[in-house]
2 protein chains.
Amino acid sequence: MADSVTSMTPGKENLLFLTDEQLRKGIEAMFFAYRGFTADPDRILEKHGYGRAHHRAIHFIHRCPGTTVNNLLAILGVTKQSLNRVLRTLIADGLVESRVGTRDKRERHLYLTRSGDALEQDLSNAQRVRMRAAYRTVGPEAVAGFRQVLEAMMDPEMQHHFNRLRGNRP
Amino acid sequence: MADSVTSMTPGKENLLFLTDEQLRKGIEAMFFAYRGFTADPDRILEKHGYGRAHHRAIHFIHRCPGTTVNNLLAILGVTKQSLNRVLRTLIADGLVESRVGTRDKRERHLYLTRSGDALEQDLSNAQRVRMRAAYRTVGPEAVAGFRQVLEAMMDPEMQHHFNRLRGNRP
DNA sequence: TTGGAAAGTCAACAACGCTGACTTAAACTC
DNA sequence: GAGTTTAAGTCAGCGTTGTTGACTTTCCAA
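Reference entry: report on the structure contained in this document. Numbering of residues starts from 1 in every chain and runs along the sequence as written. Chain labels run from A onward and ligand labels from 1 onward, assigned in the order the entries are written. At least 70 in pLDDT is required for a residue's local features to be given in this predicted model, at least 80 for side-chain atom pairs to be given and counted, and no such filter applies to totals for whole chains, interfaces and linings, which use all residues. Values reported for side chains reflect all heavy atoms of the structure, with hydrogen atoms and water molecules removed beforehand.

### Thoughts on the interface of chain A and chain B
Reasoning step 1: Throughout, a residue-residue contact means that at least one pair of heavy atoms, one from each residue, lies within 4.5 Å. With 74 residues of chain A at the interface, the matching set in chain B holds 74 residues.
Reasoning step 2: A buried area of about 7500 Å², summed over both sides, lies between chain A and chain B, and 70% of it is on carbon and sulfur atoms.
Reasoning step 3: Values labelled buried area give the accessible surface lost by two parts on being combined, using a 1.4 Å probe and summing over both. Among the residues of chain A in contact with chain B, Arg24(A), Lys25(A) and Phe32(A) are the three that bury the most area, contributing 10% of the side total.
Reasoning step 4: Only one rule defines a salt bridge in this text: a Lys or Arg side-chain nitrogen within 4 Å of an Asp or Glu carboxyl oxygen. Applying the counting rule to chain A against chain B returns 12 salt bridges.
Reasoning step 5: The partner of Arg130(A) in a salt bridge is Asp155(B), and the shortest N-O contact between them spans 3.0 Å.
Reasoning step 6: Distance and chemistry together define a polar contact, namely a pair of N or O atoms within 3.5 Å, with one atom able to donate a hydrogen and the other to accept it when in protein, and with adjacent residues in sequence counting only for side-chain atoms on both sides. Put simply, chain A and chain B have 19 residue pairs in polar contact (both at pLDDT 80 or more) between them.
Reasoning step 7: Among the elements of the structure, α1 (3–6), α2 (20–48), α3 (52–63), α4 (69–76), α6 (114–138), α7 (140–153) and α8 (156–164) of chain A are those that each provide at least two residues to the side of chain A that touches chain B. The numbering of helices and of strands both runs from the N terminus, where a helix is a DSSP run of H or I of at least 4 residues and a strand a run of E of at least 2.

This is the structure in structure tokens:
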């Protein structure tokens, strides 16, 4: 099953178990797959006049209801200005609600409104359909490997954020 | 080994073997991992005043020496104008050579120059270092699964391009 | 020889990153 | 209580990279 990855070109030591060409194929697979990964949401977003930045904000507000702007900045890894531009439109369009913090009134806590949640469902459902189809094609063991490699590829800081999100051990 | 993916929340049917929450984690893993995946090349590109579009062009010209602009357009999935802007700077900077076709003189065949190849080596090496580290962390079976899921996630057209590239069965 | 494909160009625009400077309000710290 | 720090928001401006639309040049092929 793992032959295409573990097999070596003759004459190379087997310790590394991966040639540069095999690594290159992994790189290309990431490129092509990410395009597929974003294609379905992109089509939905376009109809609403939004972009990927809006999707990311919506996704993580759904995932961490009541999160602060600062927390979102850390997860998304963008500047305050970039995020703010997106949040402003989402709030103006009534998809996101910003509530002043009770403990710390400097903070704004972000929530999806009913219509924000509807769009989130729409977006994540489209993405899950593709994911589920891929998962069902390749089987559970491949999926486990997929997740392991992705996690190992993250920057440690992002790995931290990733594991802080719900659903790691469901 | 595959427990974290195959285990089910109690009370749900085991036929699908994946809850929406688990699919969501896969989606988030893609997001965070892709950031790590592009981080190292991005740093190198910045020093040269280039962006990801330049990297993609360089990568596939290296991979398919002598490819035509049209073929590159199909692989990259962008408009002629977007690609042309990038190619123009790469050609002006002496990283890419554009040769008029011999059989069909309308076509331009693209090649990396010596310095173009040097940058490609630099970029792909940085990316391979991370890939190799991730692969070594998780082992060959996980890598096989990783590649399988990625390929299943691609649009069929991109899957076609992916398999047309060298290195599939090394 | 003429139609159409391939390549290139120009203009204009949008999304979404970035930096830098600045304000407001609240919270802390001494 | 005064001063500093922190969270958030805003404005201006810029760069990369994507888009559409219109147009020209070159040149193969029917």
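### Comments concerning the sheet that holds strand β1 (residues 67–68) of chain A
All names here are of chain A.
Reasoning step 1: The 3 strands are arranged β1-β3-β2 in an open sheet whose pairing can be described as antiparallel. Edge positions in the open sheet fall to β1 and β2 (96–100), since each of these has one partner strand only.
Reasoning step 2: The rule for pairing is simple: two strands pair if DSSP sees at least two bridges between them. Relative to strand β3 (residues 108–112), β1 runs antiparallel, the two sharing 2 bridges. Note that in β3 the partner of Thr67 across the bridge is Leu110.
Reasoning step 3: Axis definition: a line fitted to C-alpha atoms, limited for helices to the stretch in contact. Angles are taken between N-to-C directions and run from 0 to 180 degrees. With respect to the sheet, α3 is in contact with β2 and β3, its orientation differing from that of β3 by roughly 100 degrees.

### With respect to the relation of the copies chain A and chain B
Reasoning step 1: C-alpha atoms of residues with pLDDT of at least 70 in both copies form the basis for the least-squares superposition of the copies. Overlaying chain A with chain B gives an RMSD of 0.1 Å, the required rotation being 180 degrees about an axis along which the chain moves by 0.0 Å. With respect to symmetry, the two chain copies, as superposed, fit the operation of a two-fold axis. Taking C-alpha positions as the reference, the residue of chain A nearest the rotation axis is Phe146(A), at 1.8 Å.
Reasoning step 2: The overlap is high: 99% of the interface residues of chain A also sit at the interface in chain B, so the same surface is used on both sides.

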